[in-house]
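The residues making up each chain are set out below.
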Amino acid sequence: MAPIVHIAVTSLTIVILKTLVELLCVRMRSSLEDLPGPPSSSWLRGHIDQLFDPQGWDFHLKTVVSYGTAVRLRGFLGEDVLYLTDPRGLRTILTREHGDIYDEPPMIIERNKLLWGPGLLSSTGLAHKRQRRVINAVFSVQRMRTVMPIFWDVTRRLEDTLVKLVHSGPDDLDILVWMSRVSLELIGQAGIGVSFDSLAESSPPTGYMAAAKQLIPLSFPLQGFMRLIPFMVKIGSPKFRGFLAGVAPHANIRKLKEIIYLLYNTNRSIYQNRVRSITQAEQAGAEKNTGNDINRSAINMDKLSDDELISQMGTLIFAGHDTTSVAISRILHVLALNPEWQDRLRLELMDARVERRDISYDDLMALPYLDAICKETLRLYAPVTQLHRVPRKDSVVPLSRPVVGRDGELLDRVYVRAGTMVVVGAAAVNRDPAIWGPDANQWVPERWLAPLPETVAEAYLPGVYSHMMTFMGGGRSCIGFKFAETEIKAVLYVLLSRLKFEPSQTPVAWKMYNFATPTAEGNNTPSMPLRVTLVNL
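Residues numbered from 1 in each chain as written. Predicted model: local features only at pLDDT ≥ 70, side-chain atom pairs only at ≥ 80, totals over all residues. Heavy atoms only, no water.

**A closer look at empty space enclosed by the protein**
In total, this model carries 5 cavities of 30 Å³ or more according to the counting rule given. Considering only enclosed or pocket space, the second largest cavity measures out at about 60 Å³ in volume. Where the lining of the second largest cavity is concerned, the elements lending two or more residues are helix 10 (215–219) and helix 16 (306–337). (1 Å grid on protein atoms, 1.4 Å probe; cavity = no way out; pocket = protein on both sides within 12 Å on 5 of 7 lines; lining within 4 Å. Points joined across faces, edges and corners; volume = space filled by probe spheres on them. Helix = DSSP H or I, 4+ residues; strand = E, 2+ residues; numbered from the N terminus.)

Put into C-alpha cells, the structure is as follows:
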C-alpha cells in the first residue's frame, strides 16, 4: 500500500473510532427517555433515513407531530434526537438561548466552511454578529426601495425572453431553469454588483449556476459522513484533505470537491474584479451611489477580510438564488393547479399596471392578492423543512403545550444534554392546526385577506416573517428574507401580467432535499415543466 494511501486509511479509521466512542457516550446518558416518539426500525441508523428521505413529507408532517410538540427520535447508534415544534421551546433555542447555549451543529458549521469558506453560514458568536451587521445594510427595506429599478430591469428581460418562446403558441418550459437564471442575475446585480446572465434565449445558463445547483442534490445523500467532518478537517493540511476528497470512495464527494474549487475560484475572480471597478470609479470621482452591494458596503465599513467577503459572495449567491428560485417555482406550480386564483391575481396585477408599468416597492408590497398568495404558499410549502441546533451545555427547554410522556405523565419541559441534536420542524410548525386552525394543511390564500386567528399571534413564534418559521428566527434567521420577498413578488408581477401557466403533461414531484426541489416524474434531476401561454392584453 502506498504511504500516502496508508496514512489516509489510518486517519479515517481513527476518525471513525473517535466518532463511535462519542456517540456511545452520548447514548449512555439519555435525557429524553421519557419523551414519546415513533419506534425506530434500525439501531444503527435510527430515524436518519426517514428524517432525510427525499420523499419524507409524511414522516415530518404527520408521523412525528402525532406524538406531540416535543418528540424523541434516534440518530446513529441510537443517539438522542429532539424533534421540536413547540412555540415556547422554539423561542428558547432560537432567541433566548441562541449563541450562549444553542447554535448550529459543529458538523454543519464545518461542512459550510468546506462549501463556502468563513462566511455567514459557517461563523458563530461574535464573528457571525459582525458579518450580519455588514450584510444587513444590503438587505434593508430602504435599500429594496432603492434597487427596485434593478428588479424591474432584470425581470423585464426575462419577460421578453419567455414571451418570445411562446409567441407562436403554448409550449412546455422548464420554469425552474428560468427562475434559477433570473434569481442568480438578481442576486448578482442587486446583491453583489455583477451580472451573470443576459437571460436571452440564445444564451445558455452559466456553468456557475449549473455547478451551484448540484451542491444540494450531491450533498443530501451524504448524511452518514456528516459526523466525521469536524474530525476530518483537523487531519493534515488543506492540500492533504483535498487529496482525501479526491480519492474518496463516494462519487458524490469527489464531484463536490470539483464544484467547490470551481465556485471558489469564480467567486474570487468576481470579487477581485468588483473591488477593482469600485476603486477605479471612486478614484475617477464617480458618484458613490453607483451601487451599495455587499462589496461596496464591506469596503466602506472596512469590517470584513478578503476571504470573508469571497465567502459571503458564495453564500449569498447560493442562498439567494437557489431557495428563492424554488419558492417562485412552487408558487407558479400552485397557481397552475389553481387557475381561478391565478386569474384573480392577474386582474389585480393588470389593474396595478394601468397607472404605471413599474410600480414602487411600497405599492408592490401593498397588493393584497399577491401578498396573500405569496404568504400562503410560503406557509404551506416552506422551502426548508427542518433545521438543526445543538446545545453547548445542558439546557432546560420549557413547553407551551405539555406532551404526554411514556409513563403517562404530562411533561411541561425537556431536559436536553449538551451535544444533543435538536431538529426544528419548521414546515410542521407552519401547518400546526392548534396555531393556524383546522384548515392548516390546506392552501387557503383567503386567510391572509382577513384577520388571522388569535391563536397565531398568541403562539409568539420566533419567525421573522408573518408569524411563520419559513425564514426562521433569532440570530441565524434568513438575513435576506426581504430581498427574497421583493424578488418573488417582482417576478410574479411581471410574468403573470403577460403569461398563463398550466400543468404540463409531465407530472411534477417535489423532493425534500435540504430545501424542497421539483423534479419531473421519473427523473431525479431538478426540473419543473409547465405549460406557458401568452395572455392577450
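What follows continues from the structure just given.
**Focus: the packing of helix 19 (residues 368–380) against helix 23 (residues 481–498)**
The relative placement of two packed helices comes down to the angle between their axes together with the axis-to-axis distance. For the pair helix 19 and helix 23, interaxial distance at closest approach is 11 Å and the crossing angle is 125°. Considering their axes alone, helix 19 and helix 23 lie oblique with respect to each other. Crossing hand, helix 19 versus helix 23: right-handed. Each of Leu 370, Asp 371, Cys 374 and Leu 378 in helix 19 lies in contact with helix 23, whose residues at this interface are Glu 485, Ile 488, Lys 489 and Leu 492. For the contact of helix 19 with helix 23, the per-class residue count stands at 5 nonpolar, no polar and 3 charged. (Axes fitted to C-alpha atoms, helices over the stretch in contact; angles between N-to-C directions. Parallel < 35°, antiparallel > 145°, perpendicular 65-115°, else oblique. Left-handed = near helix turned anticlockwise from the far one by under 90°. Contact = heavy atoms within 4.5 Å. Nonpolar A, V, L, I, M, F, W, Y, C, P; charged D, E, K, R; others polar.)

**Some thoughts on the packing of aromatic side chains**
Taken as a whole, this structure holds 13 aromatic pairs when the rule is applied. Between the aromatic rings of Trp 116 and Phe 318, the centroid separation amounts to 4.7 Å while the plane-to-plane angle is 40°, which identifies the pairing as tilted. Within this pair, whereas Trp 116 is found in helix 5 (residues 106–116), its partner Phe 318 is found in helix 16, the two being separated by 202 residues in sequence. Comparing Trp 116 with Phe 318 shows no difference in burial state: the two are buried. Aromatic pair Phe 151 and Phe 483: ring centres 5.2 Å apart, planes at 55°, arrangement tilted. Taken together, the residues span a long stretch of sequence, with Phe 151 in helix 7 (residues 141–165) and Phe 483 in helix 23 at a distance of 332 residues. Grouping residues by exposure puts Phe 151 and Phe 483 together as buried. Taken together, the ring pairs connect Trp 116, Phe 318 and Phe 515 into an aromatic cluster. The ring of Tyr 261 is capped by Lys 257, whose NZ or CZ atom sits 5.6 Å from the centre of that ring. (Phe/Tyr/Trp six-rings, centres within 6.5 Å; stacked < 30°, edge-to-face > 60°. Buried < 20%, exposed > 50% of the residue type's maximum accessible area, 1.4 Å probe, protein only. Lys NZ or Arg CZ within 6 Å of the ring centre and 35° of its normal.)

**What to know about the confidence of the model for the chain**
For the chain, per-residue confidence averages 88 on the pLDDT scale, and 91% of positions sit at 70 or higher. The low-confidence segment residues 5–9 (pLDDT under 50) makes 4 contacts with residues lying over four places distant or belonging to another chain. (pLDDT = per-residue confidence, 0-100.)

**A look at the pairing of strand 11 (residues 516–520)**
Among the 5 residues in strand 11, 5 count as buried, and that is most of the element. Burial along strand 11 is two-sided: Ala 516, Pro 518 and Ala 520 and Thr 517 and Thr 519, pointing in opposite directions, are all buried. Adjacent in sequence and paired antiparallel, strand 10 (residues 508–512) and strand 11 are bridged by 3 residues. (Pairing = 2+ DSSP bridges.)

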